[in-house]
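The lines below spell out each chain.
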Amino acid sequence: MTRTRRHAALAACAVVLAGTAGCGGDDDPSQAQAEPTASSTAPSTPTGSTSESSSPPAPSVTPASGIQLTEASSTVRAPAGWEPMDEIVAYASAASDARSRNSVDLVDSGDLSGGASLDTQATSAIKTLPKGAQAARLPDVMLDGVAAFHIHYTVPGDRSEYDTITTVRNGRNVGLDFVLEKKNAATNPDLVASVLVTFAWTA
């Protein structure tokens, strides 16, 4: 299983056990729990809300134009030139850049959170990160009108950085997992934003 898929599976475990110590790690979630701020790429809906509203792409963001990843209730485009990765599980698909370690996963699975809020799910997800991970919860983002939590983290000795974006809608846990090279840290946020603006609900 790839590192991204492994982290997606850990996040799913965190959602299942939201609010419990079941999947936990030794990391202190308080270091990474940040409230949404006005610097968010789009206005956040109240914590845990899945209400939908129109959220057009920011004019400065150029939408990704690569292959389309599609799952049960969602679809998104990868950056131009990225290639599809072998399917590991039935509820996720991924694309990667053959010239680097960069990749993105679209995960769209049944929700087992029991109605937990975004704050609770984000805190639980942080607890499942690799030991020693340096994590921060960034301002919530919008996935086609639905608020999603955004966790960014790095792991000592790992040349990649990670972004996990997740929400719950219509009984499904849906999100994007990015693995991007640290050396491009200055432009990685633009790459993430270019993919986010192409995200759409299909059901």
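In this text, all values refer to a predicted model and were calculated from it rather than measured experimentally.

Peer 1: How would you summarise the side chain of D140 if you had to cite specific residues and measurements?
Peer 2: Along the chain, D140 turns up in strand β6 (residues 134-143). A distance of 2.9 Å separates polar atoms of two side chains, one belonging to D140 and the other to R137.

Peer 1: Describe the sheet that holds β6, and please don't skip the residues or the numbers.
Peer 2: What the 7 strands build is an open sheet, ordered β3-β4-β5-β9-β8-β7-β6; its pairing is antiparallel. The open sheet has two free edges, formed respectively by β3 (83-84) and β6, since each of these has just one partner strand. The pairing of strand β8 (residues 160-169) with strand β9 (residues 172-181) spans 10 bridges and is antiparallel. Considered in β9, the bridge of I165 is made with L176. Sheet strands in contact with helix α2 (residues 118-127) are β6, β7 (146-154), β8 and β9, and its direction is about 20 degrees off that of β7.

Peer 1: So what's going on with the confidence of the model for the protein chain? Residues and values would help.
Peer 2: Looking at the protein chain, pLDDT values average 79 and 71% of them are 70 or higher. Confidence over residues 1-57 falls short of pLDDT 50; this stretch has 107 contacts with residues more than four positions distant or in other chains.

Peer 1: Residue-level account of the pattern of salt bridges, with values.
Peer 2: For the structure shown, the criterion picks out 7 salt bridges. Its salt-bridge partner being R101, residue D158 comes within 3.6 Å of it at the nearest N-O pair. Residue D158 is located in the loop between β7 and β8, and its partner R101 is located in the loop between β4 (92-96) and β5 (103-110); the two are separated by 57 residues in the primary sequence. Note that R137 and D119 form a salt bridge whose closest N and O atoms lie 2.6 Å from each other. In this pair, R137 sits in strand β6 while D119 sits in helix α2, placing the two residues 18 residues apart along the sequence. Within this structure, D119, R137 and D140 form a network of salt bridges that share partners.

About the cut-offs
- Residues numbered from 1 in each chain as written.
- Predicted model: local features only at pLDDT ≥ 70, side-chain atom pairs only at ≥ 80, totals over all residues.
- Heavy atoms only, no water.
- Helix = DSSP H or I, 4+ residues; strand = E, 2+ residues; numbered from the N terminus.
- Polar contact = N/O pair within 3.5 Å; in protein donor to acceptor, adjacent residues only side chain to side chain.
- Pairing = 2+ DSSP bridges.
- Contact = heavy atoms within 4.5 Å.
- Axes fitted to C-alpha atoms, helices over the stretch in contact; angles between N-to-C directions.
- pLDDT = per-residue confidence, 0-100.
- Salt bridge = Lys/Arg side-chain N within 4 Å of Asp/Glu carboxyl O.

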